[in-house]
Every structure is written in structure tokens, then in C-alpha cells.
Amino acid sequence: MDRICPLAGAVHQNKQLLQKHLASAKREALRLVAQLTSDELKAILKRDEPETFKTEEDVLVADLLRKLTGQPQNALGPTTL
């Protein structure tokens, strides 16, 4: 954990602080991802990041899902990320 960021280990040990940080990080990540083109998003998802780990799953907003799949609007229902 400390290899990712020196503060990551400390935040991970404090569960209340971790939850607050994850909620904030999730909002910011979704805001930034919404600005990406389909090709940019697909390029990011190809990168292997072995030092990271999944913290939760969430429902994708339809616009983001369309960017990943190339499906037309209203063709897709919710799915998990």
C-alpha cells in the first residue's frame, strides 16, 4: 500500500477517513472520465495497474457505457463498473 502513495497506508488504516476519501475520489474520477472521448477511455482501460485494487462496484451512467460499447443512446441499461 505504501508503494502507491506514502499516505495511502495511513488513510487505509483509518476506515472513516478512507470512506470519506473514496467518496470524494469517486466523484472526481467520474467527473474527469465523463470528459474523455471513447478512444481515450478505452486506452486507459487497457493499462495494467498491478499495484491497485478494486474497492467497490458501481452502476455506470448510460453516457459512459455508450462510450465503452459504441451503442446508440437508450440501447443499454445499467451495468456495473
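Keep in mind the model is a prediction, meaning the values are calculated, not measured.

**Overview of the nonpolar core**
Here's step 1: Membership of the largest hydrophobic core is limited to five residues, which are L36, L41, L60, L64 and L65.
Here's step 2: Beyond its immediate sequence surroundings of up to four residues, L36 is in contact with L41, I44 and K67.

**What about the packing of helix α3 (residues 38-46) against helix α4 (residues 62-69)?**
Here's step 1: Relative to each other, α3 and α4 sit at 75°, their axes nearing to 8 Å. Considered as vectors, α3 and α4 are oriented roughly perpendicular to each other. Between α3, through S38, L41, K42 and L45, and α4, the contact on the second element is made entirely by L64, K67 and L68.

**With respect to the side chain of K67**
Here's step 1: Tracing the chain through its elements places K67 in helix α4.
Here's step 2: Although K67 lies buried, it forms no salt bridge, and the closest oppositely charged side chain, D63, sits 4.4 Å away as judged by the N-O distance.

Rules behind the numbers
- Residue indices follow the written sequence of each chain, beginning from 1 at its first position.
- Reporting in this predicted model follows two pLDDT cut-offs: at least 70 for local features of residues, and 80 or more for side-chain atom pairs to be given and counted; totals over whole chains, interfaces and linings ignore these cut-offs and use all residues.
- To obtain the side-chain values, all non-hydrogen atoms of the structure were included, while hydrogens and water were left out.
- In these notes, a set of buried Ala, Val, Leu, Ile, Met, Phe, Trp, Tyr and Cys residues joined through side-chain atoms within 4.5 Å is what counts as a nonpolar core.
- Think of it in three bands: residues with accessible area under 20% of the maximum for their type are buried, residues over 50% are exposed, and the middle band is partly exposed, with areas taken using a 1.4 Å probe on protein chains only.
- Note on definitions: a residue-residue contact is assigned when non-hydrogen atoms from the two residues lie within 4.5 Å.
- The axes used here are C-alpha line fits, helices contributing only the stretch in contact, and every angle between their N-to-C directions lies in the interval 0 to 180 degrees.
- A helix here means a DSSP run of H or I that spans at least four residues, while a strand means a run of E at least two residues long, and both kinds are numbered starting from the N terminus.
- Angular relationships are summarised with four words: roughly parallel below 35 degrees, roughly antiparallel beyond 145, roughly perpendicular across 65 to 115, and oblique for the angles in between.
- A residue counts as positive if it is Lys or Arg and as negative if it is Asp or Glu; His and the chain ends are not included.
- A side-chain nitrogen of Lys or Arg and a carboxyl oxygen of Asp or Glu constitute a salt bridge if their distance falls within 4 Å.

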